[in-house]
Amino acid sequence: MHGATFPPHEWQEYITHPFSDFFSLPWKEFVLEHNRHHASTVDLLQQGEFGWDPEEFQYWLLEWTWRNGKKPFPIHPFGLVLTAALLPLIHFVGLNDTGALFAVEWYFHFPDEGAGGKCNKEFWKKWLPRRAYHSLFVAGLWACVWLLGTWPLGRPLGEGWRFMLTVSCCARFGFSAAWMFITNFTHSHPWNHFLATDPERGWPLLHDTMAFVLGGKHRWNEMLFHDLHHAFPNAVGTLSQRGRFHGWKKVHDASVEVLARGLWKANGDAETQMQKTQRKRSLLMKQSMSESKK
């Protein structure tokens with residue numbers, strides 16, 4: 001999703017996430033919407049600070065903040081728990097970057113209309129054909145899944161939905177879990193406050209367990225330093241990818257050093273909540289690293 005990570009062959013654009021839903025964004029627009037997410041949300045805890053963030057509705061359910069004014073709604077904590085509990089369902093039905101509802105939301109916002117409210121001049125020649133090709137490929141894939149659930153299993157053609165829904169549900173569970181971590185987990189106030197207590201030292205078993213669940217400590221770095229990633233999405237890129245080439249430990253220690261120096265140069269404005277937690281966290285982490293070297 002970051003940088004110029006386009007495949008060398010055009011056909012490879014269709015195989016990135018076709019099982020995520022019955023309808024989804026083409027690869028290139030998937031990259032575009034994620035770049036929009038980074039451009040509008042630089043500070044993890046101030047979603048949509050610089051305009052519309054495609055993922056803003058998910059943050060609203062979890063944090064009860066909105067783009068206009070960025071003030072929390074006066075809602076009872078019990079109500080907040082109810083909306084947060086809806087997030088697994090929201091992701092399951094496709095309101096995430098690779099889902100159908102998200103694709104519809106994006107299509108209503110992009111491309112921008114032309115002068116005088118006219119249709120974008122590239123819509124019919126560029127955007128519509130790209131979306132049509134991707135949607136046809138995805139539909140063809142699910143048609144194949146439907147057929148696999150009929151004749152090979154000795155079932156009539158009309159019962160292919162049984163196998164297709166099974167495959168879809170399994171895929172949705174996986175994509176939902178991934179996006180909940182990437183989107184909601186990393187952008188939440190409770191998680192960032194928890195990181196400020198240096199949980200790596202106080203909760204080592206938790207960190208080792210979560211790193212194992214996610215596939216390695218290089219991927220867990222993504223959850224620990226998502227604030228760094230958001231500050232420099234293209235220059236730093238994904239920490240998990242860097243960890244594959246340089247090792248998770250080297251990437252981890254370098255990230256701690258960057259946080260200790262500060263993500264942004266002081267300009268006289270009051271510190272944001274994320275800057276305060278970063279300063280507290282970096283001091284504790286630097287102390288832990290110094291003690292471990294003794």
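Calculation notes
Residues numbered from 1 in each chain as written. Predicted model: local features only at pLDDT ≥ 70, side-chain atom pairs only at ≥ 80, totals over all residues. Heavy atoms only, no water. Helix = DSSP H or I, 4+ residues; strand = E, 2+ residues; numbered from the N terminus. Buried < 20%, exposed > 50% of the residue type's maximum accessible area, 1.4 Å probe, protein only. Contact = heavy atoms within 4.5 Å. Areas by Shrake-Rupley, 256 points an atom, 1.4 Å probe, with all protein chains shown as cover. Lys, Arg positive; Asp, Glu negative; His and termini not counted. Charge placed at Lys NZ, Arg CZ, Asp CG, Glu CD. Axes fitted to C-alpha atoms, helices over the stretch in contact; angles between N-to-C directions. Parallel < 35°, antiparallel > 145°, perpendicular 65-115°, else oblique. Nonpolar A, V, L, I, M, F, W, Y, C, P; charged D, E, K, R; others polar. UniProt positions renumbered as here; feature names shortened; annotations may be inferred. Salt bridge = Lys/Arg side-chain N within 4 Å of Asp/Glu carboxyl O. Disulfide = S-S within 2.5 Å. Core = buried A, V, L, I, M, F, W, Y, C linked by side-chain atoms within 4.5 Å. Polar contact = N/O pair within 3.5 Å; in protein donor to acceptor, adjacent residues only side chain to side chain. Left-handed = near helix turned anticlockwise from the far one by under 90°. pLDDT = per-residue confidence, 0-100. Phe/Tyr/Trp six-rings, centres within 6.5 Å; stacked < 30°, edge-to-face > 60°.

Draft legend 1. Broad picture of the overall build of the protein. Of the regular secondary structure elements, the protein holds 15 helices and zero strands. Counting only C-alpha atoms, the protein reaches 70 × 55 × 45 Å along its principal axes. Within the protein, buried positions represent 42% of all 294 residues. Counting only contacts in the protein whose residues sit at least 6 apart along the sequence, the fraction spanning at least 24 positions is 61%. Total accessible area on the protein is roughly 16,200 Å²; 66% of this is exposed by carbon and sulfur atoms. Here the protein contributes 30 positive and 27 negative side-chain charges, whose respective centroids are spaced 4 Å apart.

Draft legend 2. Region of the structure containing the packing of helix 7 (residues 160-187) against helix 11 (residues 217-224). Their axes nearest at 9 Å, the elements helix 7 and helix 11 cross at an angle of 45°. Judged by the inter-axis angle, helix 7 sits oblique to helix 11. Judged by residue contacts, Phe-181, Phe-185 and Thr-186 of helix 7 engage Trp-220, Glu-222 and Met-223 from helix 11. The residue makeup of the contact of helix 7 with helix 11, split by class, is four nonpolar, one polar and one charged.

Draft legend 3. Here's a closer look at the UniProt feature "transmembrane region" (unreviewed entry) in the protein. UniProt records the feature "transmembrane region" (unreviewed entry) for residues 75-94 and 132-151 in the present numbering. Between the C-alpha atoms that bound residues 132-151 the distance is 29 Å, and the span itself is 85% helix and 0% strand.

Draft legend 4. Structural context of the pattern of salt bridges. Evaluated as defined, the whole model comprises seven salt bridges. Of the charged contacts in the structure, one is a salt bridge between Glu-257 and Arg-261, with a shortest N-O distance of 3.3 Å. Taken as a pair, Glu-257 and Arg-261 lie in helix 14 (residues 248-261) at a separation of four residues, close to a single helical turn. Judged by relative accessible area, which is 29%, Glu-257 ranks as partly exposed. Judged by its relative accessible area of 70%, Arg-261 is exposed.

Draft legend 5. Focus on the state of the cysteines. For the structure on display, the rule yields zero disulfides. The closest cysteine sulfur to the non-disulfide-bonded Cys-144 is located on Cys-170, 18 Å from its own sulfur.

Draft legend 6. View of the nonpolar core. With 21 residues, the main nonpolar core has Trp-220, Leu-224, Phe-225, Leu-228, Leu-239 and Leu-263 as its most contacted residues. At the level of elements, helix 8 (189-195), helix 10 (204-214), helix 11, helix 12 (226-231), helix 14 and helix 15 (273-293) are the ones that each hand at least two residues to this core. Apart from residues no more than four positions distant in its own chain, Leu-228 is found in contact with Val-236, Leu-239, Ser-255, Val-258 and Leu-263.

Draft legend 7. Highlighting the environment of His-17. Along the chain, His-17 turns up in the segment before helix 1 (27-40). On the accessibility criterion, His-17 (4% relative accessible area) is buried. With 81 residues separating them along the chain, His-17 and Thr-98 place their C-alpha atoms 6.9 Å apart. When near neighbours in sequence (up to four residues on either side) are disregarded, His-17 contacts Ser-24, Leu-25, Trp-27, Thr-98, His-134 and Phe-175. Within polar-contact distance, the side chain of His-17 engages the side chain of Thr-16 at 2.7 Å. Here Leu-25 takes part through its backbone oxygen, which lies 2.8 Å from a polar atom of the side chain of His-17.

Draft legend 8. Region of the structure containing the packing of helix 11 against helix 13 (residues 239-246). Between helix 11 and helix 13, the shortest axis-to-axis distance is 7 Å and the interhelical angle comes to 145°. The two elements helix 11 and helix 13 meet at a crossing, and its hand is right-handed. Counted together, His-218, Arg-219, Asn-221 and Glu-222 of helix 11 and Leu-239, Ser-240, Gly-243 and Arg-244 of helix 13 form the full contact between these two elements. Grouping the amino acids of the contact of helix 11 with helix 13 by side-chain chemistry returns one nonpolar, four polar and three charged.

Draft legend 9. Up close: unusual backbone geometry. Look at the link from Phe-110 to Pro-111: it is a cis peptide, with omega at 0°. With respect to the helices, strands and loops of the structure, Pro-111 is situated in the loop between helix 5 (100-109) and helix 6 (123-148).

Draft legend 10. Looking closely at the confidence of the model for the protein. For the protein, the average pLDDT comes to 85, and 90% of its residues sit at 70 or higher. Per-residue pLDDT, averaged within each element of the protein, yields its smallest value for helix 3 (residues 77-85) (68) and its largest for helix 6 (96).

Draft legend 11. How the structure looks around the packing of aromatic side chains. Per the counting criterion, the structure on display carries 15 aromatic pairs. Seen from their ring centres, Phe-30 and Trp-179 are 6.3 Å apart, and the 75° between their planes marks the pair as edge-to-face. With Phe-30 in helix 1 and Trp-179 in helix 7, the pair connects residues that are 149 residues apart, well separated along the chain. Here Phe-30 and Trp-179 have matching classes, each one buried. Summarising the aromatic geometry, the rings of Phe-110 and Trp-127 are spaced 4.9 Å apart at their centres and angled 80° between planes, so their arrangement reads as edge-to-face. In this pair, Phe-110 is assigned in the loop between helix 5 and helix 6 and Trp-127 in helix 6, connecting sequence segments 17 residues apart. An aromatic cluster is present here, built from Phe-181, Phe-185, Trp-191, Phe-194 and Trp-220 joined pairwise through their rings.

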